[in-house]
Amino acid sequence: QTIVALRKCTALDHYFHASCAKQKLDAKQACPKCSVSYGEIVGHQPDGQLYISKMRTVKCAGFESAKGSIKMFFEFPNGMQDEHHPSPGKKYFGEKIEAYLPNNTDGREACMLTRWAFKR
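Throughout this description, residue numbers start from 1 for each chain and increase along the sequence as written. Only residues with pLDDT of at least 70 are given local features in this predicted model, and only at 80 or more are side-chain atom pairs given and counted; all residues enter the totals for whole chains, interfaces and linings. As a rule here, side-chain values cover all heavy atoms of the structure and leave hydrogens and water aside.

## A look at the overall build of the protein chain
A tally of helices and strands in the protein chain yields two helices and seven strands. Each helix and strand of the protein chain, placed in order from N terminus to C terminus, yields the pattern β-β-α-β-β-β-β-β-α. Two things to know: the radius of gyration comes from C-alpha atoms, and the globule rule equals 2.2 Å times the number of residues to the power 0.38. Taken against the 2.2 N^0.38 rule, which gives 14 Å for 120 residues, the C-alpha radius of gyration of the protein chain at 20 Å runs more than 25% over that of a compact globule. When the backbone C-alpha atoms are referred to their principal axes, the protein chain occupies close to 60 × 40 × 20 Å. Exposed residues in this analysis have more than 50% of their type's maximum accessible area, buried residues have under 20%, and partly exposed residues fall in between, with area computed by a 1.4 Å probe over protein chains only. When the 120 residues of the protein chain are sorted by exposure, 20% land in the buried category. The contact criterion used throughout is that any non-hydrogen atoms of two residues lie within 4.5 Å. For the protein chain, the share of sequence-separated contacts (at least 6 apart) that also reach a separation of at least 24 residues comes to 46%. For helices the rule is a DSSP run of H or I covering at least 4 residues; for strands it is a run of E covering at least 2, with both sets numbered from the N terminus onward.

## What about the side chain of Asn103?
Residue position: Asn103 is located in the loop between strand E7 (95–102) and helix H2 (105–119). Contact partners of Asn103, with chain neighbours within four places excluded, come to Lys54, Ala66, Lys67, Gly68, Ser69, Ile70 and Arg108.

## Some words on the sheet that holds strand E4 (residues 69–76)
Read from one edge to the other, the open sheet built from three strands follows the order E3-E4-E7, with strand pairing classed as antiparallel. The sheet terminates laterally at strand E3 (49–55) and E7, the two strands that pair on one side only. Across this sheet, the average inter-strand angle for adjacent strands is 20°, counted without regard to direction. As paired elements, E4 and E7 share eight bridges and run antiparallel to each other. Paired with Glu75 across the strands is Lys96, a residue of E7. Think of each axis as a best-fit line through the C-alpha atoms, taken over the contacting stretch in the case of a helix, with angles from 0 to 180 degrees between the N-to-C directions. H2 contacts E3, E4 and E7 of the sheet and is inclined by roughly 20° relative to E4. One requirement defines pairing of two strands: DSSP has to find at least two bridges between them.

Put into structure tokens, the structure is as follows:
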């Protein structure tokens, strides 16, 4: 069988049979060993909303030097699982979740990446 290397991986030992690599990458566009992305990864989360707001008076513990915090509010209504979920046709219950990040460079980046991932 043909052996292939996945070139984007930082480790030099990520070799696979070509047919195995194709099967794995078709299922998930990431290296099976180190999870480096090999394409756009699209999730299958339920429909929902993400609201983001800055909270100047609320600080995250351990990040007192940050300019307040960033509040992320996730809202998922009740719904029905589709073909991409573990139990298609089965009802699921919605949920409301609050998360806070420090309003600093790392927190803003994490917020941006979360919003980007949420839209996919």
